[in-house]
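# Summary of structural features
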Amino acid sequence: MNTIDKYKLEGKIAIITGGAGLLGVKHAEVIAEAKGIPILWDIDLESAQIKSQEISDKYGTTCLGMGIDITETKFVKNGLKDVLDSFQRVDILINNAANDPKVNEDSNLSLSRFENFQHSVWQQDIDVGLTGAYLCCQVIGTYMSQQNTGGVILNIASDLGIIAPDQRIYRREKLDEDKQPVKPITYSVIKHGLIGMTKYLATYWADKNVRVNTISPGGIFTNQPQDFVKKLTSLIPMGRMARVDEYKAAVLFLISDASSYMTGANLIVDGGRTCW
Ligand SMILES: NC(=O)c1ccc[n+]([C@@H]2O[C@H](COP(=O)([O-])OP(=O)(O)OC[C@H]3O[C@@H](n4cnc5c(N)ncnc54)[C@H](O)[C@@H]3O)[C@@H](O)[C@H]2O)c1
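Residues numbered from 1 in each chain as written. Predicted model: local features only at pLDDT ≥ 70, side-chain atom pairs only at ≥ 80, totals over all residues. Heavy atoms only, no water.

## Quick word on the overall build of the chain
- When you go through the chain residue by residue, the secondary structure sums to seven helices and seven strands.
- In summary, the chain has a C-alpha radius of gyration of 19 Å against a globular reference of 19 Å for 276 residues, a match within 12%.
- Looking at the 276 residues of the chain, the share that counts as buried comes to 50%.
- Nonlocal contacts in the chain, meaning residues at least 24 apart in sequence, comprise 78% of its contacts between residues at least 6 apart.
- Approximately 13,600 Å² of the chain is accessible, and the part contributed by carbon and sulfur atoms is 52%.
- One way to put it: in the chain the 29 positive side-chain charges average out to a point 4 Å from where the 32 negative ones average out. (Helix = DSSP H or I, 4+ residues; strand = E, 2+ residues; numbered from the N terminus. Rg over C-alpha atoms; globule rule 2.2 N^0.38 Å. Buried < 20%, exposed > 50% of the residue type's maximum accessible area, 1.4 Å probe, protein only. Contact = heavy atoms within 4.5 Å. Areas by Shrake-Rupley, 256 points an atom, 1.4 Å probe, with all protein chains shown as cover. Lys, Arg positive; Asp, Glu negative; His and termini not counted. Charge placed at Lys NZ, Arg CZ, Asp CG, Glu CD.)

Written out as structure tokens, the structure reads:
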């Protein structure tokens, strides 16, 4: 096969969890560009439908938006059933959904601190970021492992799945030490956990033609406060945050036959941040 042809996703059915969010839409766009069929699973049905319509219109391809809460097995099972009823197959799963608390926008800043971090918030974050990915792998990955064409799973981790957050970048002036906001512990735990889940399932399904990989993106510039951006970019060798479309090519590589000999890996795309 011609090397460039390996990137094509002609007729492939791809489920993206958290598909209506900032990055979910970008994953869907590159799938559509490669002639695959993206299916946006999001707890926010209205957003999923609006975004999928935009993608269909822009790329002239089928793209579906479905309201699925990935934290419960029954919803994931029903979602897969609907996909199979329509397409009779599923080839790609991108575990992308997460509660991603924007530390800079949080009105109750000190609640992110470990000493104050609520058990209920821990549970909610783990439910979406880790349990949701486990359930989707269990339901959809198991199906893939039993269909003769196999499948591909991509877990979306983060540079913070490799290094600890540098809490100095979230600091606010004139706030007491015990009020200073921090990136919550759940973010680290979930992202490190996804990398572990990737290795576990990659080896578990290696003989079933289901490949499982992780991508670890760095932070995307979305007009965060200048002071924060300055502090963060000083930690990044390339001296800038990512543009929102800069992960598309890496995602396509990992979900297509272009990465056919890759499983259990973690592709770090972070402007060099984790080298420092
Ligand atoms: N944005 C970044 O800078 C960045 C950097 C590195 C990694 N990431 C990771 O990329 C992924 C996507 O991030 P994003 O910035 O697009 O986030 P986002 O908040 O824009 O999107 C997350 C989506 O998940 C959905 N969601 C939440 N709970 C759900 C549930 N129970 N079931 C189904 N869907 C649910 C939300 O409705 C939302 O549309 C996350 O895993 C995030 O940690 C993001």
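## So, the sheet that holds strand S5 (residues 151-156)
- Spatially, S3-S2-S1-S4-S5-S6-S7 is the arrangement adopted by the seven strands of the open sheet, whose pairing is parallel. The two strands at the open ends of the sheet, each matched to only one other strand, are strand S3 (64-67) and strand S7 (266-269). Here the average twist between neighbouring strands, direction ignored, is 20 degrees.
- Contacts from helix H2 (residues 45-59) reach strand S2 (37-42) and S3 within the one sheet, and its direction differs from that of S3 by about 180 degrees. (Pairing = 2+ DSSP bridges. Axes fitted to C-alpha atoms, helices over the stretch in contact; angles between N-to-C directions.)

## Comments concerning the packing of helix H1 (residues 22-33) against H2
- One way to put it is that H1 packs onto H2 with a least axis distance of 10 Å and a crossing angle of 30 degrees. Put simply, H1 runs roughly parallel to H2. In the packing of H1 onto H2, the handedness of the crossing is right-handed. Here H1 contributes Val25, Ala28, Glu29, Ala32 and Glu33 to the contact with H2, which in turn contributes Lys51, Ile55, Lys58 and Tyr59.
- Looking at the contact of H1 with H2 residue by residue, the class counts come to five nonpolar, no polar and four charged. (Parallel < 35°, antiparallel > 145°, perpendicular 65-115°, else oblique. Left-handed = near helix turned anticlockwise from the far one by under 90°. Nonpolar A, V, L, I, M, F, W, Y, C, P; charged D, E, K, R; others polar.)

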